[in-house]
Amino acid sequence: MKTILALVATKDENLEKTFRKIFSDVRVSGSRKVIINVISDDPFHKIVDHVREAILDNIDIGYELFVWKKDEISKIVEKSDNVDGLLLYCDPENRSIIEKVYSQLPNKAKANLIKDNCRNPT
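Read on for an overview of the structure.

Cut-offs and rules
Residues numbered from 1 in each chain as written. Predicted model: local features only at pLDDT ≥ 70, side-chain atom pairs only at ≥ 80, totals over all residues. Heavy atoms only, no water. Pairing = 2+ DSSP bridges. Helix = DSSP H or I, 4+ residues; strand = E, 2+ residues; numbered from the N terminus. Axes fitted to C-alpha atoms, helices over the stretch in contact; angles between N-to-C directions. Contact = heavy atoms within 4.5 Å. Parallel < 35°, antiparallel > 145°, perpendicular 65-115°, else oblique. Left-handed = near helix turned anticlockwise from the far one by under 90°. Nonpolar A, V, L, I, M, F, W, Y, C, P; charged D, E, K, R; others polar.

1. Structural notes on the sheet that holds strand β4 (residues 85–90)
If you trace the five strands from one edge of the open sheet to the other, you get β3-β2-β1-β4-β5, paired in parallel fashion. A strand with exactly one partner marks an edge of an open sheet, and here the two such strands are β3 (62–68) and β5 (113–116). Averaged over all adjacent pairs, the angle separating strand axes in this sheet is 15°, with direction ignored. Relative to the sheet, helix α1 (residues 15–28) contacts β1 (3–9), β2 (33–39), β3, β4 and β5, its axis offset from that of β2 by approximately 150°. Against the sheet, helix α2 (residues 44–56) engages β2 and β3, with an angle of about 150° to β3.

Right under this line is the structure:
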């Protein structure tokens, strides 16, 4: 089964919409498993509060959810080894964070970029 890595940096009010887009993009890619890395200063439980409905509506997709602080980029990079696809999500205010993480990813992960929703928002 393909494992997709999603990198997310958005304002809280955009999280639910972003998670719905993640699950849709994962489904379209033919996968059923996604590792979602949210870069936020909010605690884990607050992120889950924002995305609970989107997760429950997409129960057929397996997911792992990690929340990282902006200074923990190296930990995200460490967890990006064995992925079959990469999805990027951000709003304009947080684009530089995603670009910083992306620039540090291994070439194998970069080569598996499926969709960059930071550069081409839909």
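Next comes the rest of the write-up.
2. Here we look at the packing of α1 against α2
Pairs of packed helices are described in terms of their axes, by the angle between the two and the distance that separates them. Close contact between α1 and α2 brings their axes to 8 Å; oriented N to C, the two are set at 45°. With respect to their mutual orientation, α1 and α2 come out oblique. Crossing geometry of α1 relative to α2 is assigned as right-handed. Contact with α1, carried on its side by Leu 15, Glu 16, Phe 19, Arg 20 and Phe 23, involves Ile 47, His 50, Val 51, Glu 53, Ala 54 and Ile 55 of α2 and no other residues of that element. Along the lines of polarity and charge, the residues of the contact of α1 with α2 split into seven nonpolar, one polar and three charged.

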